[in-house]
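# Summary of the model geometry
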Amino acid sequence: SGRPGGDHTRIGFAAIPLNPKLLPVTSKKSARESALRLMGVADYARGLGIDFYRIPANVSPRDSLEQIEEAREAIRELGALFRRLDVRTCFHTTYFCILDSPDPAVVGRSIAELACLAAFDRYAGGGNHVEIHAGGAYGNREGAIRRFVERALGLDEPVFRMLRLENEEHAGKVGTVAELERINRETGIPLLFDVAHYRLNPRERPGPLRSIVETFLATWRGATTYPVLHYSTTGPKSGAHLPVDPAGFWEYIGQLHGLGFDVMLETKEKEKDVLRVKEYCRSHAIVP
């Protein structure tokens, strides 16, 4: 799937590398320590030929904006390093970031987490988005959607602009394709498609994948970052992530030929699976 200028589709991994020498990636002591550790990850990923990486959300202990401020020079260096190495980056929120929660304390902590990621992005020189789920349905899908929309629209503009809303696999959460398309119509937040979530969600009706992906990618027009899709190989009945099946991956990508996007592999095998998928592409002479 090409893009303007003939650039390639980037295939990345998320957060903590499989390589035990790079554990842990983030520090419970300081955001500066996290930034310094992430420099090692940047060099490591590029050394493997990997040019897409998802920075963990817990870069700042206890989501402290003061910590981010104190770490600004190290974060600037980190952002410059990722650019110099041509490694594209992004964020995904933690499990505790739930904007549609009925609990005001949870919402407050969620907003604090998003504010920290936006501040980190600003000091890093920009170019990152934040991938987020809408949250639980709490027995009232309509009310949950309303809360998400209102709270998202109430965020500070720089934070709101970074949001990318991902579809869900759990029936008890807001996040079917139809629900996300509705939220996009009401907010303009770009939509991120995860094919494994789609296949596992019992509320979804199977449809033509390419058409859904095209609809989601179209919501990124005018966005500040390049479109992303998520991919994982999961068990037939559970969402447990298995090592990625390269044949299945390239079969899926083949259905999307001509569309422009990067792919984040969500797998416990991390960088190993990225390399496995790339090697399969080379050895089978697949033209991405």
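Note that the coordinates shown come from a computational prediction; the quantities given were computed from them, not determined experimentally.

As a general feature of sheets, a regular strand has side chains that alternate between the two faces. Residues D262 and M264 point to one face of strand 12 (residues 262–265) and V263 and L265 to the other, with burial holding for every one of them. Across 2 bridges, the pairing between strand 1 (residues 11–14) and strand 12 is parallel. If you follow I11 over to strand 12, its bridge partner there is V263. Pairing of strand 9 (residues 228–231) with strand 12, which is carried by 4 bridges, proceeds in the parallel orientation. From the neighbouring strand, H230 faces strand 12, where its bridge partner is M264.

Here the focus is the sheet that holds strand 6 (residues 163–166). Strand pairing in a sheet relies on backbone hydrogen bonds, with the paired strands running either antiparallel or parallel. Overall, parallel pairing links the 8 strands, which are arranged 1-2-3-4-6-8-9-12 in a closed barrel. Here the strands of the sheet are splayed against their neighbours by 30 degrees on average, with no regard to which way each runs. Packed onto the sheet, helix 7 (residues 177–187) meets strand 6 and strand 8 (191–194) and runs at close to 165 degrees relative to strand 8.

Along the chain, D194 falls in strand 8. The side chain of D194 is buried and forms no salt bridge, while R54, the nearest opposite charge, is found at 7.3 Å. A polar atom in the side chain of D194 sits 3.0 Å from the backbone nitrogen of A196. Among the polar contacts made by the side chain of D194, one reaches the main-chain amide nitrogen of H197 at a distance of 3.0 Å. For D194, the residues in contact, after removing those within four places along its chain, are E166, N167, H230 and E266.

What follows is about unusual backbone geometry. A cis amide bond links L23 to the next residue, P24, at an omega of -20 degrees. Relative to the helices and strands, P24 resides in the loop between strand 1 and helix 1 (31–47). Unlike most non-glycine residues, D63 shows phi in positive territory, near 50 degrees. By the secondary structure assignment, D63 is in the loop between strand 2 (52–55) and helix 2 (65–70). A positive phi angle is found at D86, which is not glycine, with a value near 60 degrees. Tracing the sequence through the fold places D86 in the loop between helix 3 (72–85) and strand 3 (88–92). Residue classification places D86 among the partly exposed residues on the basis of a relative accessible area of 37%.

Right, let's get into the packing of helix 3 against helix 4 (residues 104–124). Helices that pack against each other are described as a pair by the angle of their axes relative to one another and the distance between those axes. Interaxial distance between helix 3 and helix 4 falls to 7 Å at its minimum, and their mutual angle equals 65 degrees. Relative to helix 4, the element helix 3 lies roughly perpendicular. Where helix 3 crosses over helix 4, the handedness of that crossing is right-handed. Touching R72, I75, R76, L78, G79, A80 and R83 of helix 3 are F120, Y123 and A124, all from helix 4. Tallied by class, the residues present in the contact of helix 3 with helix 4 amount to 6 nonpolar, 1 polar and 3 charged.

Here we take up the nonpolar core. Membership of the largest hydrophobic core comes to 79 residues, with the highest contact counts inside it found for F193, F249 and Y252. If you tally residues by element for this core, the top one is helix 4, at 8 residues. Leaving out residues up to four positions away in the same chain, Y252 has contacts with F193, V195, L209, V213, L229 and Y231. The next biggest cluster of nonpolar side chains, apart from the first, holds 8 residues, and it includes A15, F52, C90 and L192.

A few words on the pairing of strand 2. Of the two faces of strand 2, the one carrying F52 and R54 and the one carrying Y53 and I55 are both buried. Here strand 1 runs beside strand 2; their pairing, made up of 2 bridges, is parallel. Directly across from F13, in strand 2, lies its bridge partner Y53. As for the winding sense of the linkage, the β-α-β connection from strand 1 through helix 1 to strand 2 is right-handed. Bridging between strand 2 and strand 3 involves 4 bridges; their strand directions are parallel. Note that in strand 3 the partner of I55 across the bridge is F91.

Quick look at the pattern of salt bridges now. Summed over the entire model, instances satisfying the criterion amount to 18 salt bridges. R37 is the salt-bridge partner of E33, the closest N and O atoms lying 3.1 Å from each other. Note that E33 and R37 are positioned in helix 1 at a spacing of 4 residues, about one turn of the helix. A relative accessible area of 31% places E33 in the partly exposed class. Residues E266 and R54 are paired through a salt bridge, measuring 3.0 Å at the closest nitrogen-oxygen approach. Note that E266 is positioned in the loop between strand 12 and helix 11 (270–283) and R54 in strand 2, a separation of 212 residues in sequence. R54 matches E266 in its accessibility class, with the two residues each being buried. Connected via shared salt-bridge partners are E142, R146, E150, R182 and E186.

Parameters at a glance
- Residues numbered from 1 in each chain as written.
- Predicted model: local features only at pLDDT ≥ 70, side-chain atom pairs only at ≥ 80, totals over all residues.
- Heavy atoms only, no water.
- Buried < 20%, exposed > 50% of the residue type's maximum accessible area, 1.4 Å probe, protein only.
- Helix = DSSP H or I, 4+ residues; strand = E, 2+ residues; numbered from the N terminus.
- Pairing = 2+ DSSP bridges.
- Axes fitted to C-alpha atoms, helices over the stretch in contact; angles between N-to-C directions.
- Contact = heavy atoms within 4.5 Å.
- Lys, Arg positive; Asp, Glu negative; His and termini not counted.
- Salt bridge = Lys/Arg side-chain N within 4 Å of Asp/Glu carboxyl O.
- Polar contact = N/O pair within 3.5 Å; in protein donor to acceptor, adjacent residues only side chain to side chain.
- Parallel < 35°, antiparallel > 145°, perpendicular 65-115°, else oblique.
- Left-handed = near helix turned anticlockwise from the far one by under 90°.
- Nonpolar A, V, L, I, M, F, W, Y, C, P; charged D, E, K, R; others polar.
- Core = buried A, V, L, I, M, F, W, Y, C linked by side-chain atoms within 4.5 Å.
- Right-handed = clockwise from strand over helix to strand, strands pointing away.

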